[in-house]
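Chain and residue survey
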Amino acid sequence: MSWKNIGAFQVDQATSCQFAQASGDFNPLHVDPILARRYQYGSTVIHGVCGILKALDILLMNLDRPVSLTAIKAHFTRPILHGDHVEVFSYQSTWHDQKLRLSVHGRRAQDITLVLTENGKGPEITKNAPISASKPQPVVLGFEDALGMESTFDLVWNPELMQILFPHAKQFLPDYQAAVLLGLTRIVGMKCPGLHSVFAGLNVHFVQNPSVSDVKMHFNVTKNDSRFSMITLGVTHNTANGEITALFRPKPVSQEKYIELQAIVPKNQFANQKALIIGGSRGIGEVTAKLIAAGGGHPVITYYRGKDDADRIVSDIRSHGGKCDAVSYDVLSPSKTVNMDCSADERVTHIYYFASPLIEKGEHLVWDDAVFQKFCNYYLSGFGQLIENFLSDSLYAKQKMTVFVPSTIFLDQPQKEFNEYIAAKAAVEALIRQLTVKLPNWKFMIPRLPRMLTDQTSGVNIDSSQKTAEVMLDALTSLDNPSD
Amino acid sequence: MKQDKAEILEQLELIFQDTFTEINHTFSIDMARDDIEEWDSLSHIRLLTAIEAGFGVQFDLDEITNMNNVATIVDLLSEKLQ
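Keep in mind it's a predicted model, so treat the numbers as computed, not measured.

Conventions used here
- Residues numbered from 1 in each chain as written.
- Chains lettered and ligands numbered in written order.
- Predicted model: local features only at pLDDT ≥ 70, side-chain atom pairs only at ≥ 80, totals over all residues.
- Heavy atoms only, no water.
- Helix = DSSP H or I, 4+ residues; strand = E, 2+ residues; numbered from the N terminus.
- Buried < 20%, exposed > 50% of the residue type's maximum accessible area, 1.4 Å probe, protein only.
- Contact = heavy atoms within 4.5 Å.
- Areas by Shrake-Rupley, 256 points an atom, 1.4 Å probe, with all protein chains shown as cover.
- Lys, Arg positive; Asp, Glu negative; His and termini not counted.
- Charge placed at Lys NZ, Arg CZ, Asp CG, Glu CD.
- Pairing = 2+ DSSP bridges.
- Buried area = accessible area lost by both parts, 1.4 Å probe.
- Salt bridge = Lys/Arg side-chain N within 4 Å of Asp/Glu carboxyl O.
- Polar contact = N/O pair within 3.5 Å; in protein donor to acceptor, adjacent residues only side chain to side chain.
- Nonpolar A, V, L, I, M, F, W, Y, C, P; charged D, E, K, R; others polar.
- Axes fitted to C-alpha atoms, helices over the stretch in contact; angles between N-to-C directions.
- Parallel < 35°, antiparallel > 145°, perpendicular 65-115°, else oblique.
- Left-handed = near helix turned anticlockwise from the far one by under 90°.
- pLDDT = per-residue confidence, 0-100.
- Core = buried A, V, L, I, M, F, W, Y, C linked by side-chain atoms within 4.5 Å.
- Expected span 1.5 Å × (residues − 1).
- Bend = angle between axes of the 7 residues up to and from the residue.

1. Here's the deal with the overall build of chain B
When its secondary structure is counted, chain B shows 4 helices and 0 strands. Tracing chain B from N to C terminus, the helices and strands come up as α-α-α-α. In chain B, which comprises 82 residues, the proportion classed as buried is 44%. Taking as baseline every contact in chain B between residues at least 6 positions apart, the subset at least 24 positions apart corresponds to 50%. For chain B, the computed accessible surface area is about 4200 Å², with 47% contributed by carbon and sulfur atoms. Averaging the locations of the 5 positively and 18 negatively charged side chains of chain B gives two centres separated by 6 Å.

Shown next as structure tokens:
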């Protein structure tokens, strides 16, 4: 026997929102692209249980008859992004024993082990959708908060949505079994660990031929492992019992507050800067904006999707007497000249360019063109277009301007991975050298910055990065003020 | 239970095969984290918990931090299973 491809599926953002309604798991990791961009995957991902039910749907379409789960075990090994082409493979040792594997770009995303019987549909569940019209919010727990936690809640069951999402599973699998699986994702995503969670795996056994299916489901934390921020939860329903494992996902990185940075920046250090900070709503851009404002300058931060983050930074700076504005700007579709948006009575003196996609490894051993192109779109095309926008204003073409573009220390310390990212940064350095010749009035700075603590570098139990504010203050103080 | 390094390596190979897709024909004592693209922080947790369950041992944080290649894992297991 060997693995056999039995089908494929894709899940888009809208489908995940439907799945959230069907399961009650509205964790923003799955349904909120703006918040999820700050989590470790850089975007929303599909619910792990949605992947299981999609795979079961394909299996049941092929089997074309009612079955019942005796047991199901699953490991979620890699996140599945919205739009990923997911291939489903089956390894069948006997009719009753099946293994399914979900694979994205040839890499294992989920392993599912099933024990099946030929029992019929079992007791029906009356429609039960105790989800309020407004989007429910997951609880926010720390690892210590979860110890000893237990709760009972009502399962969600929405047959119409199940028919849309998983028609074959709806037709051939007992309703209560699907409802229990949906309950598991709701526990992890909404209740424990809740907001900052990663569903790692499940192992559930089902009672066969139950006469009635309750809507009550119970869970309790049975084990915790602080080494991995991992907990094990026991789950019970009148038709099932088992356990699930979940990890506490690192929270988005919070940079220092403005008032903390005011203490380390000399009062008028950056007083002559009207600084346009592309990508200033978080990470290095956020810190740069606060440092410049703390030094008496006037940062104008741009955001693409993070308006709330940008407004929070502006409010933080202004509430302590600093100057800061925020404008919307998409480096990939720069339809307007952003410098016009923020000029008013002051001309921009400095441009800081921090726009970046998620810094990820390519899918191939040596080179991944798609990943390289993504970096080039941000670091070269987006940057080049911005500079052209400024040069289209003849005054800017003649005045002094300082342009700060970060490069990477990886160019001095070659890595075994991230080939595409490093190559793209090398290309940016080459472009900057060209511009230095072409624009003698403009000063370009492209320091090779070390790895710093941002959303891009946060990871599960990894915190080895340098303080962003300290590194950036050093970099900023090395700039000459063009107005001097 | 006392196991020699060859036995440990044999059992370890099964755990690696269960954890990583791309391991089937390449497993060896010389293999390191950099050789396996899938060996990220999440799969590291899964690998170590599987090793702990499979061998009936527990690693402390310092050990976990250093368990980035097969040879180190075998040495650690060998010590713990003495």
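2. Observations regarding the pairing of strand S5 (residues 107-117) of chain A
Residue and element names in this part refer to chain A. Counting buried residues along S5, 9 of its 11 residues qualify, which places the element largely inside the surrounding structure. Where strand S2 (residues 68-76) meets S5, 8 bridges bridge the pair, whose relative direction is antiparallel. Pairing of Ala74 across the sheet is with Ile112, part of S5. Relative to S5, strand S4 (residues 97-104) runs antiparallel, the two sharing 8 bridges. By the bridge assignment for S5, Leu100 is matched with Ile112.

3. Points about the interface of chain A and chain B
If you look at the interface, chain A gives 20 residues, while chain B gives 20 residues. Between chain A and chain B the total buried area reaches about 1800 Å² when both faces are included, carbon and sulfur atoms providing 53% of it. Among the residues chain A hides against chain B, the three largest losses belong to Arg108, Arg227 and Phe228 of chain A. Together they make up 38% of the total. Linking chain A to chain B there are 1 salt bridge. With a shortest N-O distance of 2.5 Å, Glu52 of chain B and Arg227 of chain A are connected by a salt bridge. Across the chain A-chain B interface, the total number found is 5 residue pairs in polar contact (both at pLDDT 80 or more). When residues in the side of chain A that touches chain B are grouped by element, the largest group, 3 residues, is from S5 of chain A. Here the side of chain A that touches chain B is composed, by residue class, of 7 nonpolar, 5 polar and 8 charged.

4. Side note on the packing of helix H10 (residues 283-294) of chain A against helix H16 (residues 468-477) of chain A
All names here are of chain A. The interhelical angle for the contact between H10 and H16, taken along N-to-C directions, is 60°, at an axis separation of 10 Å. Considering their axes alone, H10 and H16 lie oblique with respect to each other. With respect to the hand of their crossing, H10 and H16 are arranged in right-handed fashion. Seen from H10, the contacting residues are Ile284, Val287, Thr288, Leu291 and Ile292; seen from H16, they are Thr468, Ala469, Met472, Leu473 and Leu476.

5. Things to note about the sheet that holds S2 of chain A
The strands making up a sheet are joined through hydrogen bonds of the backbone, oriented either antiparallel or parallel. Residue and element names in this part refer to chain A. Reading across the sheet, the 10 strands line up as S1-S3-S4-S5-S2-S7-S10-S9-S8-S6 and stay open at both edges, with antiparallel pairing between neighbours. Where the open sheet ends on each side, the last strands, each with one partner, are strand S1 (4-9) and strand S6 (150-154). For this sheet the average axis-to-axis angle between neighbouring strands, irrespective of direction, equals 20°. For S6 and strand S8 (residues 216-225), the ladder comprises 5 bridges, and the chain directions are antiparallel. Looking at S8, one finds that Phe153 is bridged to Met217.

6. Describing the environment of Trp3 of chain A
Residues and elements named next belong to chain A. Inspection of the secondary structure assignment puts Trp3 in the segment before S1. Residue classification places Trp3 among the partly exposed positions, given a relative accessible area of 33%. Each C-alpha atom, one on Trp3 and one on His237, is 33 Å from the other, the two residues being 234 residues apart in sequence. Setting aside anything within four residues of it in sequence, one finds Trp3 in contact with Phe89, Ser90, Tyr91, Lys99, Leu100 and Arg101.

7. A short note on the pairing of S2 of chain A
By the bridge criterion, 5 bridges tie S2 of chain A to strand S7 (residues 197-206) of chain A in an arrangement that is antiparallel. Bridge pairing links His75 of chain A to Gly201 of chain A in S7 of chain A.

8. Thoughts on helix H4 (residues 70-80) of chain B
For H4 of chain B, every residue scored as buried is listed here: Val70, Ile73, Val74, Leu76, Leu77 and Ser78 of chain B. Put simply, Asn69 of chain B is the residue that caps the front of H4 of chain B, since its side-chain oxygen is 3.3 Å from the backbone nitrogen of Ala71 of chain B.

9. Re the confidence of the model for chain B
Residues and elements named next belong to chain B. Across chain B, the average pLDDT comes to 87, with 91% of residues at 70 or higher. By mean pLDDT, helix H3 (residues 61-66) is the weakest element of chain B at 88, and H4 is the strongest at 94. Among the scores for the predicted complex, ipTM is 0.82 and pTM is 0.79.

10. What to know about unusual backbone geometry
Residues and elements named next belong to chain A. Cis peptide bonds are those with omega within 30 degrees of zero, and the linkage from Cys192 to Pro193 qualifies with 5°. Mapping Pro193 onto the fold places it in the loop between helix H8 (175-191) and S7. If you check the backbone angles, His105 has positive phi at about 50° while not being a glycine. Among the secondary structure elements, His105 is positioned in the loop between S4 and S5. With phi around 60°, Phe418 is a residue other than glycine that occupies positive phi space. With respect to the secondary-structure elements, Phe418 resides in the loop between strand S16 (407-408) and helix H15 (419-438).

11. Topic: the side chain of Glu256 of chain A
Along the chain, Glu256 of chain A turns up in the loop between strand S10 (240-248) and helix H9 (258-262). The buried charged residue Glu256 of chain A lacks any salt bridge partner; its closest oppositely charged side chain belongs to Lys467 of chain A, at an N-O distance of 4.3 Å.

12. What to know about the nonpolar core
If you look at the biggest cluster of nonpolar residues, it comprises 69 residues, and the most contacted ones within it are Ile72 and Leu202 of chain A. Setting aside chain neighbours within four positions, we find Leu202 of chain A in contact with Ile52, Ile72, Lys73, Ala74, Phe76, Leu184, Glu243 and Ile244 of chain A. If you look at the next biggest cluster of nonpolar residues, it comprises 36 residues, including Val198 of chain A together with Leu12, Ile73 and Val74 of chain B.

13. Some points on helix H13 (residues 369-391) of chain A
Residue and element names in this part refer to chain A. The end-to-end C-alpha distance of H13 is 31 Å, a good match for the 33 Å that 23 residues give at a rise of 1.5 Å each. Taking the largest bend as the criterion, H13 deviates by roughly 40°, centred on Asn377. All of the buried residues in H13 are Val371, Phe372, Phe375, Cys376, Tyr378, Tyr379, Gly382, Phe383, Leu386, Ile387, Asn389 and Phe390.

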